[in-house]
Amino acid sequence: MTGKPVPVANPDSAVFWEACNEKRFLIQSCNSCGEKQFYPRALCKSCHSKDLEWQEVSGRGKVKTFTVVNHAPSPAFKADLPYVLALIDLEEGVRAMMNILDCDVADVHIGMDVELTFERRGKQYIPQAKPVSKG
Amino acid sequence: MKKAIITGAYDTDVGELPGSSCMGLHADAALGAIADAGLNKSDIDGVLCAYSFTEPHLMLSSVFCEYMGLQPKFNAAIVVGGATACIMVMQAASLVESGQCRNVLVVTGDNRLTGMAKGGAVATLAKVGHGQFEHPYGMSVPAAYALVATHYMNEYGVTSEQLASISVTAREHAMMNSKAHRQTPITIEDVLNSRMIASPLHVLDCCLISDGGAAIVVSAADSGGDRPKTSIEIMGTGQGHTHEHIMAAPSLSDFGCKQAARTAFERAGVTAKDIDVAEIYDSFTITLLVELESIGFFERGEAGPACLDGALKIGGRLPCNTHGGLMSYGHSGAAGGMFHVVEAVRQLRHEAEGRQVEDSQLAFVHGDGGILSAHCSLVLGRV
């Protein structure tokens with residue numbers, strides 16, 4: 001059985017994926033217009049400036065929306081069923097897709113507080129979400 | 001500017017078609033549409049194709065023209081997911097309106113049910129997700145639409161019963177159409193009890209995977225010929241594009257369908273209230289519900305209760321997907337969207353036997369590609 005997909009970095013995203021391997025999640029902040037963006041691009045999607053700066057996020061966010069997946073898109077995900085696929089709004093104002101790990105799928109709800117965690121895929125760590133730790 | 005009219009429309013058998021091929025379905029659809037228009041091969045001076053899962057090619061329209069022995073003056077393939085069929089019609093209209101072509105053949109088809117391994121179409125479709133930032137998380141297309149559904153239900157009080165009624169209505173229409181892929185009666189309970197794919201979407205909230213092909217011919221109104229059938233005018237067209245990946249959608253409530261429909265209505269000089277019959281992309285029950293409200297056929301939060309009340313049935317307030325739609329008539333890739341166009345033509349010609357919307361004069365057709373990403377609307381009218 002083939003494993004779950006491992007992201008392949010390109011020149012736009014290489015810095016992002018290298019940082020993930022250090023358990024850091026970077027977004028881009030535009031020095032020209034102040035816009036923050038994720039996913040990484042070669043330019044600011046808002047003003048098209050190429051003067052972008054990497055910024056590390058706090059790691060806190062909220063569930064914007066989610067689904068509990070019961071039918072895998074490929075055999076690699078079958079063992080994980082049912083799993084949560086979610087859009088996470090990070091505190092810094094950007095949105096990313098992640099799974100929500102380490103929780104009962106029945107507990108997930110819109111507005112739920114989550115924090116970042118990293119899952120190993122081959123030689124790459126990928127960002128994931130988990131419920132905010134208690135205490 | 002010359003007027004663009006649809007002179008020919010045809011779809012092949014749809015469903016499980018062992019022995020069919022992508023190009024064979026294209027050919028059957030093309031021959032049917034050309035004959036329906038009362039034209040010959042030599043009259044076709046423009047060709048638009050879409051895409052194929054079973055015979056993918058960098059230059060599908062050139063492959064098709066070679067297969068058919070056509071040497072048109074204009075030839076291109078258009079690839080915008082489920083919006084492709086409507087965008088092809090819009091492009092064909094531009095070609096004849098500008099005088100570049102007289103008769104444009106718009107042709108689609110794929111054998112993605114029998115021509116691929118089980119699960120092959122679903123896996124290929126999932127690649128619509130971002131390779132680095134969505135695909136690694138196990139996003140299927142149903143799961144991506146389910147993200148919209150969860151949001152929409154939470155925000156506007158849509159219920160699973162309301163979504164299910166969209167699927168049941170589609171099936172009721174398919175049962176009036178002997179060509180439809182699925183004709184077994186279903187109830188709301190059947191939908192709710194069917195296998196969950198990605199909550200809140202059950203398998204019966206999802207479209208089919210079918211083999212089939214469909215084509216139309218778009219002609220300049222002054223191009224002459226015998227025209228055995230009633231011509232249908234392309235009165236207005238419009239597009240709207242907000243994103244490709246669902247993670248990057250600027251809104252989870254409003255999508256490009258709003259802009260697409262507004263432009264098409266304005267160009268046609270009509271409003272949503274004037275439409276007699278609507279054929280709207282229904283890849284999932286939530287797809288149709290969001291589109292109906294975003295386009296303006298219903299106020300926010302009203303489409304669900306209205307559908308449960310029978311508004312989308314033939315004889316209802318807005319007869320919708322009268323052939324059975326992607327959920328019950330069939331879905332064969334780009335041909336899925338073209339089935340909606342062909343059905344609109346049949347309704348406007350008053351030849352939709354057994355499911356005819358009485359005296360229909362104006363039709364609205366809409367296609368949605370990606371995850372509510374790319375949209376194109378058409379307003380069609382009986383000449």
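Just so we're clear, the structure is a prediction, and the values are computed from it rather than from any experiment.

(A) Expanded view of the overall build of chain B. Check the secondary structure of chain B and you find twelve helices and eleven strands. On C-alpha atoms alone, chain B measures out to a radius of gyration of 19 Å, which is about the 21 Å that the 2.2 N^0.38 rule sets for 383 residues. Overall size of chain B, expressed as C-alpha extent along the three principal axes, is 55 × 45 × 40 Å. Taken across its 383 residues, chain B has 64% of its residues classed as buried. Approximately 13000 Å² of chain B is accessible, and the part contributed by carbon and sulfur atoms is 49%.

(B) Structural detail: the interface of chain A and chain B. Listed per partner, the contact involves 34 residues of chain A and 29 residues of chain B. Taking both partners together, chain A and chain B bury about 2600 Å²; carbon and sulfur atoms supply 65% of that area. Summed over the three residues of chain A that lose the most area to chain B, namely His71(A), Pro73(A) and Met97(A), the buried surface amounts to 24% of that side. The interface formed by chain A and chain B holds zero salt bridges in total. Applying the counting rule to chain A against chain B returns 14 residue pairs in polar contact (both at pLDDT 80 or more).

(C) Seen up close, the domain arrangement of chain A. Residues and elements named next belong to chain A. Each assigned domain of chain A is listed with its residue range as follows: domain 1 (8-56) and domain 2 (58-135). Between the C-alpha centres of domain 1 and domain 2 there is a distance of 21 Å. When residues of domain 1 are sorted by the area they lose upon contact with domain 2, Asn21, Lys23 and Phe25 head the list and together hold 46% of the total. Between domain 1 and domain 2 we count zero salt bridges in total. Across the domain 1-domain 2 interface, the total number found is four residue pairs in polar contact (both at pLDDT 80 or more). Contributing elements (two or more residues each) for the side of domain 1 that touches domain 2: α1 (14-20), β2 (36-37) and β3 (52-56).

(D) Representation of the pattern of salt bridges in the model. Inspection of the entire model under this criterion finds 24 salt bridges over all chains. Across the pair Lys4(A) and Glu119(A) runs a salt bridge, and its minimum N-O distance is 3.5 Å. With Lys4(A) in the segment before α1 and Glu119(A) in strand β7 (residues 113-121), this pair connects stretches of sequence that are 115 residues apart. For Lys4(A), a relative accessible area of 24% puts it in the partly exposed group. The closest approach of N and O atoms between Asp222(B) and Lys2(B), which form a salt bridge, is 3.1 Å. Linking Asp222(B) in the loop between β7 (211-220) and β8 (232-241) with Lys2(B) in the segment before β1 (4-11), this pair joins segments that are 220 residues apart in sequence. You can call Lys2(B) partly exposed: its relative accessible area is 31%. Salt bridges here are not isolated pairs; linked through shared partners, they connect Lys4(A), Asp80(A), Glu119(A) and Arg121(A).

(E) Representation of the sheet that holds β1(B) within the structure. Residues and elements named next belong to chain B. In spatial order, the strands read β3-β2-β4-β7-β1-β8-β11-β10-β9; together these nine strands make up an open sheet with mixed pairing. The outermost strands of the open sheet, each flanked by one partner alone, are β3 (74-77) and β9 (277-280). Going from strand to strand, the sheet's axes swing by 25° on average, the running direction of each strand aside. As paired elements, strand β4 (residues 103-111) and β7 share nine bridges and run antiparallel to each other. Bridged to Gly109 within β7 is Gly213.

(F) A look at the packing of helix α6 (residues 160-174) of chain B against helix α9 (residues 285-295) of chain B. Residues and elements named next belong to chain B. The geometry of α6 relative to α9 is characterised by a closest axis approach of 9 Å and an angle of 100° between their N-to-C directions. With respect to each other, α6 and α9 are oriented roughly perpendicular. Along its contact with α6, which presents Leu163, Ile166 and Ser167, the element α9 presents Thr285, Ile286, Leu288 and Leu289. Residue composition of the contact of α6 with α9, by class: five nonpolar, two polar and no charged.

About the cut-offs
Residues numbered from 1 in each chain as written. Chains lettered and ligands numbered in written order. Predicted model: local features only at pLDDT ≥ 70, side-chain atom pairs only at ≥ 80, totals over all residues. Heavy atoms only, no water. Helix = DSSP H or I, 4+ residues; strand = E, 2+ residues; numbered from the N terminus. Rg over C-alpha atoms; globule rule 2.2 N^0.38 Å. Buried < 20%, exposed > 50% of the residue type's maximum accessible area, 1.4 Å probe, protein only. Areas by Shrake-Rupley, 256 points an atom, 1.4 Å probe, with all protein chains shown as cover. Contact = heavy atoms within 4.5 Å. Buried area = accessible area lost by both parts, 1.4 Å probe. Salt bridge = Lys/Arg side-chain N within 4 Å of Asp/Glu carboxyl O. Polar contact = N/O pair within 3.5 Å; in protein donor to acceptor, adjacent residues only side chain to side chain. Domains from an automatic or database assignment. Pairing = 2+ DSSP bridges. Axes fitted to C-alpha atoms, helices over the stretch in contact; angles between N-to-C directions. Parallel < 35°, antiparallel > 145°, perpendicular 65-115°, else oblique. Nonpolar A, V, L, I, M, F, W, Y, C, P; charged D, E, K, R; others polar.

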